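Descriptive structure summary
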Amino acid sequence: MLRRNFLTVIGAAMIAGTALSPAKAADMDIVDTAVSNGSFTTLVAAVQAAGLVDTLKGKGPFTVFAPTDDAFAALPEGTVETLLKPENKDQLVQILTYHVVPAKVMSSELAGKRAKVLTVEGERLSVNGMGNGVKVGSSKVVAADVGASNGVIHVIDKVLIPEG
C-alpha cells in the first residue's frame, strides 16, 4: 500500500529526473543532498539568505518538506525576490521553518493517516496520507524518503505558507 501512495523508487531516490543513490544521499546532510540534486536552487538560496544552513546541517533529525524550483516559480511574480531581501529575513525564516519537522518522519509513518505535525516554525502542519498520495498542507508529496545523514526529505509541489 505504501508504494502505491508515494512516488518512491526502489534503489534510488528520483527527484525531478535526478537520481541520488541511497548510499550517496545517506552520506550527505539535508543541505548537501538538496544542493547536489540541482532541483532545489531556490530553496537552497532561501536557506542561505535566512541563515539556516548551519541549522539544517546540524545533528537533527529533521524532516524537510522541500519545494522544488518549479514550486517557487509558481508563487506570484516577485515573491521570491522580495523574501530574499535582508529586511524580510524574519518572514523568510518563518516560511522555511514551516517546512521542517524536528524529527525523522518516514513515509511509512504517514501512509493511511491524517495528522497535524508540529513544525520548527511552531505551527502544526496538516498531513493527509489517506487516498491517492499524500498531501502536506495544500501541496502534494511527489517524491518521498530521500535519505540524508541527519534526516529525510519529502519533495513537494508547492511552497507552504504558515497561516499565522
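One structure accompanies this document, and this report is about it. (Residues numbered from 1 in each chain as written. Predicted model: local features only at pLDDT ≥ 70, side-chain atom pairs only at ≥ 80, totals over all residues. Heavy atoms only, no water.)

**Some details on the environment of Gly58**
Note on placement: Gly58 falls in the loop between helix 5 (53-56) and strand 3 (62-67). Residue classification places Gly58 among the partly exposed residues on the basis of a relative accessible area of 22%. Distance in space between the C-alpha atoms of Gly58 and Val31 is 9.7 Å, their sequence separation being 27 residues. (Helix = DSSP H or I, 4+ residues; strand = E, 2+ residues; numbered from the N terminus. Buried < 20%, exposed > 50% of the residue type's maximum accessible area, 1.4 Å probe, protein only.)

**A look at helix 3 (residues 30-37)**
All buried positions along helix 3 are accounted for by Ile30, Val31, Thr33, Ala34 and Asn37. The buried residues of helix 3 occupy an angular sector of 165 degrees when projected down its axis, which confines them to one face. Its side-chain oxygen placed 3.0 Å from the backbone nitrogen of Val31, Asp29 serves as the N-cap of helix 3. Positive phi appears at Gly38, one or two residues downstream of helix 3, with a value of about 85 degrees. (Arc of directions from axis to C-beta. Polar contact = N/O pair within 3.5 Å; in protein donor to acceptor, adjacent residues only side chain to side chain.)

**Considering unusual backbone geometry**
In this structure, the amide linkage connecting Gly60 to the following residue, Pro61, adopts the cis form with an omega of 5 degrees. The topology assignment puts Pro61 in the loop between helix 5 and strand 3.

**Regarding the sheet that holds strand 6 (residues 124-128)**
Strands pair in a sheet through their backbones, by hydrogen bonds, and they do so in one of two ways: parallel or antiparallel. The strand order 4-3-9-8-7-6-5 describes an open sheet built from seven strands, whose pairing is mixed. The outermost strands of the open sheet, each flanked by one partner alone, are strand 4 (100-101) and strand 5 (114-118). Direction of pairing for strand 3 relative to strand 4: antiparallel, over a ladder of two bridges. Pairing of Thr63 across the sheet is with Val101, part of strand 4. (Pairing = 2+ DSSP bridges.)

**Some details on helix 4 (residues 41-50)**
Regarding helix 4, the residues found buried are Thr42, Leu43, Val44, Ala46, Val47 and Ala50. The inward-facing, buried residues of helix 4 abut helix 3, helix 5, strand 3, helix 6 (69-73), helix 7 (79-83) and helix 8 (89-97). Phi turns positive, to about 75 degrees, at Gly51, one or two residues after helix 4. (Contact = heavy atoms within 4.5 Å.)

Such coordinate-based values are descriptive only and should not be taken to indicate function.
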